[in-house]
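# Descriptive structure summary
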Amino acid sequence: WDMFWSKHSVAGLHAAARAVGGTAVYVSDRPWEHDPRVLKRLVLPDGSVLRCRQHARPTADCLFQDVCRDRDSACKIWNVNACSGVLAAFNIQGAGWDRARRMT
């Protein structure tokens, strides 16, 4: 859960998820085909990175919810950094894949 494409329609969501994720962040774009606007949001002006200290975990209220299809829940993950707690909330409703219908 560490790689993403910076030139993608949901690259901002993936970048935010990786920032809170607490792991290394890699982009798997082809050489010279990346979006610097997305990547610049992940680093400070001096090039350092604000890293979370642990692996991100889902919040208790969305742990057993279908955050892709229940039309109600948000996907929320939390972590801690050197100063405070970090919470990210994502609306990913409609992102689930229905194997029977072979569509979302």
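Numbering of residues begins from 1 in every chain and follows the order in which that chain's sequence is written. Reporting in this predicted model follows two pLDDT cut-offs: at least 70 for local features of residues, and 80 or more for side-chain atom pairs to be given and counted; totals over whole chains, interfaces and linings ignore these cut-offs and use all residues. Side-chain figures throughout are based on the complete set of non-hydrogen atoms in the structure, without hydrogens or water.

### Focus: the pairing of strand 5 (residues 85-90)
By the bridge criterion, 6 bridges tie strand 4 (residues 75-80) to strand 5 in an arrangement that is antiparallel. Bridge pairing in strand 5 links Trp78 to Leu87. For two strands to pair, DSSP has to find at least two bridges joining them. Put simply, DSSP H or I for four residues or longer makes a helix, DSSP E for two residues or longer makes a strand, and each gets a number counted from the N terminus. Two successive antiparallel strands, strand 4 and strand 5, enclose a turn made up of 4 residues.

### A short note on the nonpolar core
As used in this record, nonpolar core signifies buried Ala, Val, Leu, Ile, Met, Phe, Trp, Tyr and Cys residues forming a set joined through side-chain atoms within 4.5 Å. Throughout, exposure labels follow a simple rule: accessible area from a 1.4 Å probe, protein chains only, divided by the maximum for the residue type, with under 20% read as buried, over 50% as exposed, and the rest as partly exposed. Listed in full, the 10 residues of the largest apolar core are Ala17, Val20, Cys62, Val67, Cys68, Cys75, Ile77, Ala88, Phe90 and Ile92. Looking at this core, the elements with two or more residues in it are helix 1 (11-21), strand 4 and strand 5. Here, two residues are considered to be in contact whenever any of their heavy atoms come within 4.5 Å of each other. In this structure, Cys62 is in contact with Val67, Ala74 and Lys76, ignoring residues within four places of it in sequence. Counting residues in each nonpolar core, the second largest holds 5 residues, with Ala11, Ala15, Val38 and Leu42 among its members.

### Considering the layout of surface pockets
Think of a 1 Å grid over just the protein atoms. A cavity is a set of points where a 1.4 Å probe fits yet cannot get out, a pocket is an open set with protein on both sides within 12 Å along at least five of seven lines, and lining residues have an atom within 4 Å of a point. Grid points are joined across faces, edges and corners, and a volume is the space filled by probe spheres set on the points. One number sums up the size of the largest pocket: a volume of about 510 Å³. Among the secondary structure elements, those contributing two or more residues to the lining of the largest pocket are helix 1 and strand 2 (26-27). Looking at the lining of the largest pocket, the element that brings in the most residues is helix 1, giving 6 residues. Residues that form the lining of the largest pocket fall into these classes: 18 nonpolar, 4 polar and 4 charged. Estimates place the volume of the second largest pocket at around 190 Å³. Lining the second largest pocket are 11 residues, with Leu13, His14, Ala17, Phe90 and Ile92 sitting closest to its centre. Counting residues per element, the ones that place at least two in the lining of the second largest pocket are helix 1 and strand 4. Element by element, the count of residues in the lining of the second largest pocket is highest for helix 1, at 4 residues. Under this grouping Gly is polar, as are all residues other than the nonpolar Ala, Val, Leu, Ile, Met, Phe, Trp, Tyr, Cys and Pro and the charged Asp, Glu, Lys and Arg. Taken together, the residues of the lining of the second largest pocket sort by class into 8 nonpolar, 2 polar and 1 charged.

### Here's the deal with the pairing of strand 4
Going residue by residue along strand 4, you find Cys75, Ile77 and Asn79 tucked away on one face and Lys76, Trp78 and Val80 left uncovered on the opposite face. Relative to strand 4, strand 3 (residues 57-58) is paired through 2 bridges, and the arrangement is antiparallel. Bridging from a neighbouring strand, Arg57 pairs with Trp78 of strand 4.

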